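# Working through the structure, step by step
Residues per chain are reported as follows:
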Amino acid sequence: MAGKKVLIVYAHQEPKSFNGSLLKIAVEELTKQGCSVTVSDLYAMQFEPRATRNDIVGPLHNSEAFNYGVETWEAYKRGGLSKDVVEEQKKVQEADLLIFQFPLFWFNMPAILKGWMDRVLVQGFAYDLSKAYDGGLLQDKLSLFSFTTGGSQEMYSKGSISGDIRYVLWPMQHGIMHFCGVKVLEPHICYAPENVSEEKRKEMLTAWTQRLKTLWKEEPIDCSPEWYFK
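Residues numbered from 1 in each chain as written. Predicted model: local features only at pLDDT ≥ 70, side-chain atom pairs only at ≥ 80, totals over all residues. Heavy atoms only, no water.

Next up on the list: the packing of helix H4 (residues 83-94) against helix H5 (residues 111-120). Running from N to C, H4 and H5 point in directions that differ by 90°, and their axes come no closer than 10 Å. As judged from the angle between their axes, H4 and H5 are roughly perpendicular. Listed contacts from H5 to Asp84, Val85, Glu88, Gln89 and Val92 of H4 are Trp116, Arg119 and Val120. Broken down by class, the residue content of the contact of H4 with H5 amounts to four nonpolar, one polar and three charged. (Axes fitted to C-alpha atoms, helices over the stretch in contact; angles between N-to-C directions. Helix = DSSP H or I, 4+ residues; strand = E, 2+ residues; numbered from the N terminus. Parallel < 35°, antiparallel > 145°, perpendicular 65-115°, else oblique. Contact = heavy atoms within 4.5 Å. Nonpolar A, V, L, I, M, F, W, Y, C, P; charged D, E, K, R; others polar.)

Listed below in structure tokens is the structure:
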């Protein structure tokens with residue numbers, strides 16, 4: 001939709017990967033719609049995933065015992081977070097839609113993307129203890145988790161050895177995005193692209209293109225435990 005701003009946080013090492021193709025399609029299609037698209041290519045940026053003392057510029061609130069949550073909250077209030085964190089926060093603040101593009105690692109997002117969440121979505125910026133979930137500080141934003149798996153769709157179904165894929169999404173969509181007040185669109189999951197035919201991979205890419213064409217008409221999911229565990 002023309003005028004909308006999109007931030008794609010991309011976590012894959014290889015531009016020629018299937019994830020790279022999904023990213024390329026999203027940038028092209030959303031740009032074609034008149035959206036302003038920004039990409040944070042975490043590996044290319046050599047983004048620091050570790051949450052450390054280096055994220056705070058200047059003196060600590062408590063130099064006797066380091067508490068990352070407290071220190072980043074205090075630093076945010078006084079404008080004392082590191083430059084790379086502030087740059088990412090600005091991108092988030094300006095975005096109407098956040099797309100996270102990544103391969104699923106061990107039922108989770110890659111460490112570099114989890115580090116982005118840890119360092120960027122700090123207290124005071126993304127949430128406060130009295131302002132979380134529907135009261136989170138990043139309201140009026142949409143998010144979408146687009147990812148690939150190593151296992152087949154059958155492996156991530158109810159009653160399977162891996163369990164329903166929605167169980168995996170609970171900490172990402174609910175514990176992070178919804179906690180921060182961000183509305184969540186249905187995830188876009190490409191199951192086992194490395195283990196299917198070239199024709200099937202092309203179908204997956206086409207399906208992503210088609211979804212993006214009507215993305216702005218979609219309604220967010222019901223952000224409740226029932227969506228994940230019913």
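More follows now that the structure is in view.
So, about the side chain of His174. In this structure, His174 sits in helix H6 (residues 165-178). A distance of 3.2 Å separates a polar atom in the side chain of His174 from a polar atom in the side chain of His178. Ignoring any residue separated from it by four or fewer positions in sequence, one finds His174 in contact with Tyr133, Leu169, Phe179, Cys223 and Tyr228. (Polar contact = N/O pair within 3.5 Å; in protein donor to acceptor, adjacent residues only side chain to side chain.)

What follows covers the pairing of strand S4 (residues 142-148). In terms of burial, S4 is a largely internal element, seven of the seven residues being buried. Across seven bridges, the pairing between strand S3 (residues 97-103) and S4 is parallel. Across the sheet, residue Leu97 finds its bridge partner in S4, namely Leu142. Read as a crossover between parallel neighbours, the route from S3 over H5 to S4 is right-handed. Both S4 and strand S5 (residues 183-184) contribute to a ladder of two bridges, which runs parallel. Looking at the pairing, Ser143 lines up with Val184 of S5. Pairing between S4 and strand S6 (residues 188-190): three bridges, direction parallel. Of the residues in S6, the one forming a bridge with Thr148 is Cys190. (Buried < 20%, exposed > 50% of the residue type's maximum accessible area, 1.4 Å probe, protein only. Pairing = 2+ DSSP bridges. Right-handed = clockwise from strand over helix to strand, strands pointing away.)

What follows is about the packing of aromatic side chains. Each aromatic ring pair is characterised by the separation of its centres together with the angle its planes make. What the rule picks out here adds up to 15 aromatic pairs. Residues Tyr156 and Tyr191 carry aromatic rings whose centres are separated by 6.4 Å and whose planes lie at 40° to one another, so their mutual orientation is tilted. In this pair, Tyr156 sits in the loop between S4 and H6 while Tyr191 sits in the loop between S6 and helix H7 (198-213), placing the two residues 35 residues apart along the sequence. Residue class for Tyr156 comes out buried when judged on its relative accessible area of 9%. Every member of this aromatic cluster is reached through a ring pair, and the members are Phe100, Phe102, Trp116, Phe145 and Phe147. Cation over ring: Lys77 sits above Trp73, and NZ or CZ is 4.1 Å from the ring centre. (Phe/Tyr/Trp six-rings, centres within 6.5 Å; stacked < 30°, edge-to-face > 60°. Lys NZ or Arg CZ within 6 Å of the ring centre and 35° of its normal.)

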